[in-house]
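# Topology and contacts: notes
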Amino acid sequence: MLLSMLEEFGLGYVIKLFTLFGQTFYYEFRMAVVIWLMFFDGAVFIFEKAIEPLMKEYQAEIDAAFEKVSDMAEDAKQEAVSDPDGFIQKHGQAAYSVAKKQIEEAKKKLS
């Protein structure tokens with residue numbers, strides 16, 4: 001009995017609140033949100049209130065992860081230069097080709 005009352009008055013009220021004669025207005029609501037995000041600084045609001053605080057909270061961990069990945073990439077490049085055959089056996093020919101291309105591009109930029 002309680003479940004049927006909640007279903008009738010609670011869920012029914014919420015559904016009727018968001019519909020008008022069976023129309024859901026999903027696409028209209030979606031368009032309004034997109035317009036707010038684009039033209040009324042909605043994206044800036046969301047970034048400043050939600051994303052930026054999380055980024056600041058985890059900034060040290062994010063920076064450490066980027067540093068670790070950078071070190072791993074540098075180690076892989078050094079391995080590709082010092083022992084190409086071992087690098088190919090360990091990572092494959094495609095990975096060696098990419099590493100070789102990146103090394104050549106870096107040398108061109110330094111020249």
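Presented here is a report on the structure given in the accompanying data block. (Residues numbered from 1 in each chain as written. Predicted model: local features only at pLDDT ≥ 70, side-chain atom pairs only at ≥ 80, totals over all residues. Heavy atoms only, no water.)

### Here's the deal with helix H3 (residues 42-57)
What counts is decided by this rule: Only DSSP runs of H or I reaching four residues or more are called helices, and only runs of E reaching two or more are called strands; each is numbered from the N terminus. The span you would expect from a helix comes to 1.5 Å times its residue count less one. Bend at a given residue is defined as the angle between two axes, one fitted to the seven residues that end at that position and one fitted to the seven that begin there.
The terminal C-alpha atoms of H3, which comprises 16 residues, lie 22 Å apart, in line with the 22 Å expected from a rise of 1.5 Å per residue. Of all the bends in H3, the largest measures some 40° and sits at Glu48.

### Considering the packing of aromatic side chains
To be explicit about the condition: Here is the rule: rings of Phe, Tyr and Trp (six-membered ring for Trp) pair when centre to centre is within 6.5 Å. Planes less than 30 degrees apart are stacked, more than 60 are edge-to-face, and the remainder are tilted. For every residue, the accessible area (1.4 Å probe, protein chains only) is compared with the maximum for its type, and the residue is labelled buried under 20%, exposed over 50%, or partly exposed between those bounds.
Applying the stated criterion across every chain, the model contains one aromatic pair. Pairing Trp36 with Phe45 gives two aromatic rings, centres 6.2 Å apart and planes at 65°, and the pair type is edge-to-face. Trp36 sits in the partly exposed class, given a relative accessible area of 34%. Judged by relative accessible area, which is 46%, Phe45 ranks as partly exposed.

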